[in-house]
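Here is how the chains run, residue by residue.
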Amino acid sequence: MKNNEPTLESIEDYDTLKGSKKRVVWTVILSGLIIGALFVAAKMYYGDSRDSLPVGESIGKVPLK
């Protein structure tokens, strides 16, 4: 049974990325950092959820059928 999955050793640019593959990797990394920064900025701007509604009731027993 032959394994058709590519291995790291069989990939031609295992050690160094070149050309469009390198651009794609950097684009994904930068996109992740930008999206993360936007989430951090939104969290800092809008703050914590201090305006949540308090729940006074608790479920004592869950009815089963």
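The structure presented is a predicted model; accordingly, all values stated were derived computationally and were not measured. Sequence order sets the numbering: in each chain, residues are counted from 1 along the sequence as written. Selection of residues for local features in this predicted model requires a pLDDT of at least 70, selection of side-chain atom pairs for listing and counting requires 80 or more, and totals for whole chains, interfaces and linings are taken over all residues. Remark: hydrogens and water are excluded; side-chain values derive from all non-hydrogen atoms of the structure.

Moving on to the overall build of the protein chain. Along its length, the protein chain carries 1 helix and 0 strands. Residue burial in the protein chain is summarised as follows: out of 65 residues, 2% are buried. Accessible surface for the protein chain amounts to roughly 7,100 Å². Of this, 63% is attributable to carbon and sulfur atoms. Each helix is a run of H or I in the DSSP string that is no shorter than four residues. Each strand is a run of E no shorter than two, and both are numbered from the N terminus. Throughout this description, buried means an accessible area under 20% of the type-specific maximum (1.4 Å probe, protein chains only), exposed means over 50%, and partly exposed covers the range between. Residue burial considers only the protein chains on display, and all accessible areas are found by Shrake-Rupley using a 1.4 Å probe.

A grouping of L17, V25, W26, I29, L30, L33, I34 and L38 is seen on the molecular surface, where their side chains present a nonpolar patch of about 770 Å² in accessible area. Relative to the assigned elements, L38 resides in helix 1 (residues 20-46). Like-charged residues are merged into a patch within 9 Å and nonpolar side chains (Val, Leu, Ile, Met, Phe, Trp, Tyr) within 5 Å, provided each residue has over 30% relative accessible area and no salt bridge. Salt bridges, as used here, are contacts in which a Lys or Arg side-chain nitrogen is within 4 Å of a carboxyl oxygen on Asp or Glu.

This part covers the packing of aromatic side chains. Note on ring pairs: Phe, Tyr and Trp rings are taken, using the six-membered ring of Trp, and paired if centres are within 6.5 Å. Classes follow the plane angle, with under 30 degrees stacked, over 60 edge-to-face and the rest tilted. Taken as a whole and judged by the stated rule, the model has 1 aromatic pair. Seen from their ring centres, Y45 and Y46 are 4.8 Å apart, and the 85° between their planes marks the pair as edge-to-face. Assigned by exposure class, Y45 and Y46 land together as exposed.

The span expected for a helix works out to 1.5 Å for each residue beyond the first. Taking 1.5 Å per residue as the helical rise, helix 1 with its 27 residues ought to reach 39 Å, and the 38 Å between its terminal C-alpha atoms agrees with that figure. Note on helix 1: the residue one or two positions beyond its end, G47, has a positive phi of about 75°.

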